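Chains, contacts and geometry: an overview
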Amino acid sequence: MNVDKKVAFYTLGCKLNFSETSTIARNFVNEGFERVEFEEEADIYVINTCSVTDNADKRFKSIVKSALKKNEEAFVIGVGCYAQLKPEELAAVDGVDLVLGATEKFNVTSYINDLTKNDIGEVHSCEIEDADFYVGSYSIGDRTRAFLKVQDGCDYKCTYCTIPLARGISRSDTLENVLKNAKEISEKGIKEIVLTGVNIGDYGKGEFGNKKHEHTFLELVQALDKVEGINRLRISSIEPNLLKDETIDFVSNSNTFVPHFHIPLQSGSDTLLKKMKRRYLRKVYTDRVAKIKEVMPNACIGVDVIVGFPGETDELFLETYNYLADLDISYLHVFTYSERPNTEAVEMDGVVPKKVRAKRSKMLRGLSVKKRRAFYESQLSNTLTVLFESENKEGYIHGFTENYVKVKAPWNPELVNTLHTVTLTKIDEDGLVRFDFVDTEVIA
């Protein structure tokens, strides 16, 4: 047993990474380690890396530094996507002792024999073709919501993306295991589950990535809807070509699935969508938004968009901007294109200068603020349900309605992790929404 040995975790990147960090942390605790906060002194620091933005790469070094400041003898481990793509690079960072790739990260405790620091990081990284088995995981980040991983990897060949290189082929958890994890989460008193994965609409490809779909995404949604004790289920992000009418219709009548969709677009220009090797053109996206709004007029729709992709001229950028300005959506996640080695896009002509990328990003972020504001205004005087979060933010408690309107009220610890019916009344100067309680009783 590793009694008295302390371990701390730091996660970069997406919700999927958070769910996997939680699972890795539970493995440590089961082996007798004590989990502490990253800000505290620990014997082992595990950093779960991301490869989606340049920034994540640079941040790894500073996180290692801050860990060693707390304990210069600490054993430092890098895992995750960047560890799979560039293991030697991470291993060469001062103070890193162990780097584990995509298949090894879930067995991290078996790679720790002694905690003597290494002169150079030891690397255990598979060929990504070997990342063909599935490890289920879920994270309980705070007391109000959990991220439940249902799928991993991706078979798409988008020309800007390294995720297939970092996470391998598309593969899924079994339906019974997803339901078992959902039950475990509900028994912990958590009110909301967010479904997560790399390409969750592709759910159903077997554990080893065999192409036969055991179950479809719709069947997954239908089965989860029946799990008792969960008040809310949220679909985190789903490709437009995989979001079918049947799923949208089911969500619109569901007791637990909320009217909130996050749908990557990446570009509003068919020319660029083809260069990106996306699996749809703009019309498909327009149809998805129209269908959602037809059956759920108050649904919240978030959009991922990339600016500065090679070949994005001023005209093509404006095509995206104007398309989004006219579309009935609620907010944008804007990504500035960054060159990734081993992708097709790196070789493409028409490189957009960094300054132009920054300017376009700023324009779309400004549009996102307007879109969110307009969406919030459209919800004023509606009666909705709020799930309150657990943090005291400068004297206020925050919460989210089922359709993802962020609300605030003076801090009251009794509201934490409770659901209440409220009527939205006005938008505060910070952009969050104020409300009146309809009920004084807690729903759940």
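Heads up: these notes are all about the structure in this document. These numbers come from a predicted model, not from an experiment.

1. Structural notes on the pattern of salt bridges
Enumeration according to the criterion identifies 27 salt bridges in this entry. Glu 312 is paired through a salt bridge with Arg 360; the nearest N and O atoms lie 2.9 Å apart. Here Arg 360 lies in helix H12 (residues 354–379) and Glu 312 lies in the loop between strand E14 (300–307) and helix H11 (314–326), a separation of 48 residues in the sequence. Judged by relative accessible area, which is 4%, Glu 312 ranks as buried. Put simply, Glu 20, Lys 105, Lys 149, Asp 152, Arg 167 and Arg 171 are held in one network by salt bridges that share partners.

2. Considerations on empty space enclosed by the protein
Counted under the stated rule, the structure contains one cavity of 30 Å³ or more. Size it by volume and the largest cavity reaches roughly 70 Å³. In terms of lining, the largest cavity is formed by Ala 102, Thr 103, Lys 105, Phe 106, Phe 133, Val 135, Lys 149, Asp 152, Ala 166, Arg 167 and Arg 171. Within the lining of the largest cavity, the residues separate by chemical class into five nonpolar, one polar and five charged.

3. Comments concerning helix H1 (residues 15–30)
The first and last C-alpha atoms of H1 sit 23 Å apart over 16 residues, in line with the 22 Å expected at 1.5 Å per residue. Three or more residues of H1 are buried, namely Leu 16, Asn 17, Ser 19, Glu 20, Thr 21, Ser 22, Thr 23, Ile 24, Ala 25 and Phe 28. The first or second residue beyond H1 is Gly 32, which carries a positive phi of 95°.

4. Thoughts on the packing of helix H7 (residues 217–224) against helix H8 (residues 245–253)
Contact geometry of H7 with H8 gives a least axis separation of 9 Å together with a crossing angle of 15°. By the criterion of interaxial angle, the relationship of H7 to H8 is roughly parallel. Relative to H8, H7 is oriented so that their crossing is left-handed. Facing Phe 217, Leu 218, Val 221 and Gln 222 of H7, the residues of H8 in contact are Glu 246, Thr 247 and Phe 250. Per-class residue counts for the contact of H7 with H8 are four nonpolar, two polar and one charged.

5. Description of the layout of surface pockets
Quantified by volume, the second largest pocket comes out at close to 300 Å³. Together, 17 residues line the second largest pocket, and Cys 154, Tyr 156, Lys 157, Pro 164 and Leu 165 are the ones closest to its centre. Among the residues making up the lining of the second largest pocket, the classes are represented as eight nonpolar, four polar and five charged.

6. Re a negative patch on the surface
A contiguous patch of negative charge, built from Asp 4, Glu 34, Glu 37, Glu 39 and Glu 40, is present on the exposed surface. As for its position among the elements, Glu 39 is in the loop between strand E2 (34–36) and strand E3 (44–49). The exposure class of Glu 39 is exposed, given its relative accessible area of 57%.

7. Regarding H12
Taking 1.5 Å of rise per residue, the 26 residues of H12 would be expected to cover 38 Å, and the 38 Å separating its terminal C-alpha atoms lies within 8% of that figure. Restricting attention to buried positions, one finds in H12 the residues Arg 357, Arg 360, Ser 361, Leu 364, Leu 367, Ser 368, Lys 371, Phe 375, Tyr 376 and Gln 379. A positive backbone phi angle near 75° is found at Ser 381, which sits one or two residues after H12.

8. A few points about the pairing of E14
Each regular strand shows side chains that alternate between the opposite faces of the sheet. The element E14 is largely enclosed, with a buried count of eight among its eight residues. Both faces of E14 are covered, namely the face carrying Cys 300, Gly 302, Asp 304 and Ile 306 and the face carrying Ile 301, Val 303, Val 305 and Val 307. With six bridges joining them, strand E13 (residues 260–266) and E14 adopt parallel strand pairing. Bridge pairing links Gln 266 to Val 305 in E14. As paired strands, E14 and strand E15 (residues 331–336) are joined by six bridges and run parallel to one another. Bridge pairing links Val 307 to Thr 336 in E15. For the segment spanning E14, H11 and E15, crossover handedness is right-handed.

What counts, and at which threshold
- Residues numbered from 1 in each chain as written.
- Predicted model: local features only at pLDDT ≥ 70, side-chain atom pairs only at ≥ 80, totals over all residues.
- Heavy atoms only, no water.
- Salt bridge = Lys/Arg side-chain N within 4 Å of Asp/Glu carboxyl O.
- Helix = DSSP H or I, 4+ residues; strand = E, 2+ residues; numbered from the N terminus.
- Buried < 20%, exposed > 50% of the residue type's maximum accessible area, 1.4 Å probe, protein only.
- 1 Å grid on protein atoms, 1.4 Å probe; cavity = no way out; pocket = protein on both sides within 12 Å on 5 of 7 lines; lining within 4 Å.
- Points joined across faces, edges and corners; volume = space filled by probe spheres on them.
- Nonpolar A, V, L, I, M, F, W, Y, C, P; charged D, E, K, R; others polar.
- Expected span 1.5 Å × (residues − 1).
- Axes fitted to C-alpha atoms, helices over the stretch in contact; angles between N-to-C directions.
- Parallel < 35°, antiparallel > 145°, perpendicular 65-115°, else oblique.
- Left-handed = near helix turned anticlockwise from the far one by under 90°.
- Contact = heavy atoms within 4.5 Å.
- Patch = residues over 30% accessible without salt bridge, like charges linked within 9 Å, V, L, I, M, F, W, Y side chains within 5 Å.
- Areas by Shrake-Rupley, 256 points an atom, 1.4 Å probe, with all protein chains shown as cover.
- Lys, Arg positive; Asp, Glu negative; His and termini not counted.
- Charge placed at Lys NZ, Arg CZ, Asp CG, Glu CD.
- Pairing = 2+ DSSP bridges.
- Right-handed = clockwise from strand over helix to strand, strands pointing away.

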